[in-house]
Amino acid sequence: MGKFPAPAKRCRSGKAGSVVTGKAQDRREKTGAVLHRTVVLVGMMGSGKSAIGRNLAARLGVAFLDSDAEIEAAANASIAEIFARDGEAFFRDREAEVIARLLKSEPCILSTGGGAFLAERNRRAIAQHGVALWLDADLDLLWDRVRHKDTRPLLRTPDPRGTLARIFEDRAPIYAKAGLRTKAEPEYSIDDMTDRVIETLAADPRILELADDD
Ligand SMILES: Nc1ncnc2c1ncn2[C@@H]1O[C@H](COP(=O)(O)OP(=O)(O)O)[C@@H](O)[C@H]1O
Ligand SMILES: O=C(O)C1=C[C@@H](OP(=O)(O)O)[C@@H](O)[C@H](O)C1
Ligand SMILES: [Mg+2]
């Protein structure tokens, strides 16, 4: 299947008369897309926030930021080390600081850690400066993606699948507060899922405009 941005049939109407200048104009010329709001990817561990976020940013020609990566770089330690050494509450405070800071950038793709959207302070900041998009994957798919990695401290329990299931159940109603949602399917490649996300974003030209193919 063809890759966004580019296809003429996917262009949005409603952008007539919108003025695009400077960097945004350069970006439209290079990628055929103009992102107007920072897109904050939220969802469970393994839903693909980091992998899809990186690919999405490259496709749209905007910066990719990942709050976990920023925290790790600032602390010069892995997420697991930070949890073990300083505790989860410390991590959550750093996470809120980093998200508030990154939201001040020009429109970009910001992938968060799976717990970030639970905090009211983060949801408020995200709504103010960007738009939240929930990568909605079901439990079997999540488990399939996280089971081989031991980088997620919350899953270091005697029954990690059961833990993931409980976390999923608790959090799903909160992720559902995100303004946008894209459903993940096991048969999607990273590019396929990125296409779905771009479709979701381009449904609102105030978020993403795709250029006409002429
Ligand atoms: N279609 C897909 N969408 C998202 N991730 C995928 C897909 N197919 C395979 N993966 C892999 O699943 C994992 C998802 O993990 P990650 O991106 O770290 O998620 P998160 O940041 O939400 O925890 C990555 O290793 C990614 O390469
Ligand atoms: O769900 C969570 O609470 C967490 C998810 C992780 O990020 P990913 O969702 O990118 O794996 C990371 O922030 C930390 O291990 C806590
Ligand atoms: Mg991640």
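Here, every reference points to the structure presented above.
We now turn to the structure provided with this report. (Residues numbered from 1 in each chain as written. Chains lettered and ligands numbered in written order. Predicted model: local features only at pLDDT ≥ 70, side-chain atom pairs only at ≥ 80, totals over all residues. Heavy atoms only, no water.)

### Observations concerning the pairing of strand E6 (residues 180-183)
Side-chain alternation along E6 places Leu180 and Thr182 on a buried face and Arg181 and Lys183 on a face that remains uncovered. With four bridges joining them, strand E5 (residues 130-136) and E6 adopt parallel strand pairing. By the bridge assignment for E6, Leu133 is matched with Leu180. (Buried < 20%, exposed > 50% of the residue type's maximum accessible area, 1.4 Å probe, protein only. Helix = DSSP H or I, 4+ residues; strand = E, 2+ residues; numbered from the N terminus. Pairing = 2+ DSSP bridges.)

### Here we look at helix H9 (residues 190-202)
Each α-helix turn comprises 3.6 residues. Residues three or four places apart therefore point the same way. Compared with an ideal rise of 1.5 Å per residue, which puts 13 residues at 18 Å, H9 spans 18 Å between its outermost C-alpha atoms and is within 8% of the ideal. Residues of H9 that are buried include every one of Met193, Thr194, Asp195, Arg196, Val197, Ile198, Thr200, Leu201 and Ala202, and no others. (Expected span 1.5 Å × (residues − 1).)

### Considerations on the side chain of Asn55
Among the secondary structure elements, Asn55 is positioned in helix H2 (residues 49-60). Setting aside anything within four residues of it in sequence, one finds Asn55 in contact with Ile190, Asp191 and Thr194. (Contact = heavy atoms within 4.5 Å.)

### Considering the environment of Asp212
Its place among the elements puts Asp212 in the segment after strand E7 (208-210). Taking the C-alpha atoms as reference points, Asp212 and Ala33, separated by 179 residues in sequence, lie 9.5 Å from one another.

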